[in-house]
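# Breakdown of the fold
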Amino acid sequence: MLKRTKRRRSIAFTVDGNGLVVHAPWKASEVRIERSIDESAKWIIKKIDEWSNHKPRVQRWADGERIAYLGRTVTIQIVSDAIIVPAVLADDWRLRITVADSGSETRIREAAIAWYRRHAARNFIERIAHYSSTMLLRPPRMFLSNARTQWGSCNAKSELRLNWRLIQAPQNVVDYVVVHELAHLTEMNHSKRFWKIVERHFPSHMQVRKHLNEHGHWYLDI
Ligand SMILES: [Zn+2]
């Protein structure tokens with residue numbers, strides 16, 4: 001699929017379960033688009049291959065089921081009560097979820113996601129504040145995103161969107177995505193200059209990118 005956008009300057013590709021999407025500037029010529037597909041053919045084929053081998057994560061929402069939080073395993077514990085309170089993580093890494101009807105997977109999922117989002121917001125804002133100060137940037141406004149294919153994005157209005165699903169991953173993965181997006185506030189591209197900024201503030205980025213390549217699907221599937 002080809003998507004043309006007015007404000008875009010470069011050609012980019014995304015691959016997910018629905019196939020390839022080519023993001024191109026409004027006026028990019030067919031020749032230019034074809035050439036950049038050729039140049040990225042290896043990457044595109046690799047990604048399509050990964051997706052075709054990808055078995056979707058099947059997450060059940062019931063007592064005793066396990067989910068991830070900051071790289072740790074959390075076990076869902078269901079408490080049946082007429083008085084609903086927000087989910088809370090106990091010291092023993094059990095996430096206590098109160099529901100009126102313990103058989104409702106939808107209710108359990110909603111409560112768990114609300115808990116994820118609350119903790120994601122708190123964690124991301126704190127990490128953005130930390131890295132903004134070391135990167136000498138004014139902290140951007142943070143919004144939680146619910147994207148299915150993207151970890152983060154930012155725009156010229158200094159608004160940073162981070163996927164709440166990231167809170168499942170270890171803290172260094174969250175930190176890498178924060179640094180990546182903050183670096184875009186200076187370099188709105190993936191140029192050598194951009195990666196130099198990332199490298200300076202997050203030297204182990206290659207390792208984290210590998211982790212995201214391997215486990216990203218699983219995090220996004222929740
Ligand atoms: Zn980027």
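## Here we look at the packing of helix α3 (residues 105-134) against helix α4 (residues 171-184)
The N-to-C vectors of α3 and α4 enclose an angle of 55°; their axes lie 10 Å apart at closest approach. On the basis of the axis angle, α3 is oblique to α4. By crossing handedness, the relation of α3 to α4 is classed as right-handed. Judged by residue contacts, Asn123, Phe124, Arg127, Ile128, Tyr131 and Ser132 of α3 engage Val174, Asp175, Val178, Val179 and Leu182 from α4. Looking at the contact of α3 with α4 residue by residue, the class counts come to 7 nonpolar, 2 polar and 2 charged.

## A few points about α4
Given a rise of 1.5 Å per residue, 14 residues ought to cover 20 Å, and the 20 Å separating the end C-alpha atoms of α4 matches this to within 8%. Of all 14 residues in α4, 12 are buried; the element is thus mostly enclosed. Every buried residue of α4 is listed here: Val173, Val174, Asp175, Tyr176, Val177, Val178, Val179, His180, Glu181, Leu182, Ala183 and His184. Where α4 is buried, its residues contact α3, β9 (152-154), β10 (159-163), α5 (192-201) and α6 (205-220).

## A few points about the domain arrangement of the chain
Domain annotation for the chain reports domain 1 (2-52) and domain 2 (66-220). Summarising the inter-unit geometry, the C-alpha centres of domain 1 and domain 2 are found 26 Å apart.

## Some thoughts on the sheet that holds strand β2 (residues 12-16)
As summarised here, the arrangement of the 3 strands in space is β1-β3-β2, forming an open sheet in which the pairing is mixed. The outermost strands of the open sheet, each flanked by one partner alone, are β1 (2-5) and β2. On average, each strand axis in the sheet is tilted by 25° relative to the strand beside it, whichever way the strands run. Sheet topology note: the β2/strand β3 (residues 19-25) ladder contains 5 bridges and is antiparallel. Looking at β3, one finds that Ala12 is bridged to His23. Along the sheet, helix α2 (residues 41-52) contacts β2 and β3; its crossing angle with β2, the most-contacted strand, is approximately 20°.

## Focus: the packing of α4 against α5
Contact geometry for α4 and α5: axes closest at 9 Å, N-to-C directions at 140°. Classified by the interaxial angle, the pair formed by α4 and α5 is oblique. The handedness of the crossing between α4 and α5 is right-handed. Along its contact with α4, which presents Val179, His180 and Ala183, the element α5 presents Phe194, Ile197, Val198 and His201. Tallied by class, residues from the contact of α4 with α5 come to 5 nonpolar, 2 polar and no charged.

## As for the sheet that holds strand β8 (residues 141-145)
If you walk across this open sheet you meet the 3 strands as β8-β10-β9, and the pairing is mixed. Two strands lie at the open edges of the sheet, namely β8 and β9, each paired on one side alone. Pairs of neighbouring strands in the sheet enclose a mean axial angle of 20°, with direction left out of account. Pairing between β8 and β10: 5 bridges, direction parallel. What sits directly across from Leu144, in β10, is Leu162. Along the sheet, α3 makes contact with β8 and β10, crossing β8 at roughly 145°.

What counts and how
Throughout this document, residue positions are counted from 1 along each chain, in the order its sequence is written. Reporting of local features is limited, given that this is a predicted model, to residues whose pLDDT is at least 70; pairs of side-chain atoms are given and counted only at 80 or more, and all residues count toward the totals for whole chains, interfaces and linings. Note on method: axes are straight lines fitted to C-alpha atoms, helices fitted across the in-contact stretch only, with angles between N-to-C directions ranging 0 to 180 degrees. Secondary structure counts use DSSP, requiring at least four H or I residues in a row for a helix and at least two E residues in a row for a strand, with both numbered from the N terminus. Our angle categories are set so that under 35 degrees counts as roughly parallel, over 145 as roughly antiparallel, 65 to 115 as roughly perpendicular, and the remainder as oblique. Working rule for handedness: look at the near helix, and if it is turned counterclockwise from the far one by less than a right angle, call the crossing left-handed; if clockwise, right-handed. Here, residues touch in the contact sense if the C-beta positions derived from the backbone fall within 7 Å of one another. Each residue is assigned to one of three groups, with Ala, Val, Leu, Ile, Met, Phe, Trp, Tyr, Cys and Pro labelled nonpolar, Asp, Glu, Lys and Arg labelled charged, and all others, Gly among them, labelled polar. What a helix should span is 1.5 Å times the count of its residues minus one. Each residue is classed by its C-beta neighbour count within 10 Å, where at least 20 other C-beta atoms makes it buried, 12 or fewer makes it exposed, and intermediate counts make it partly exposed; the C-beta atoms are placed from backbone geometry. Here the bounds of each domain stem from an automatic or database domain assignment. Two strands pair if DSSP finds at least two bridges between them.

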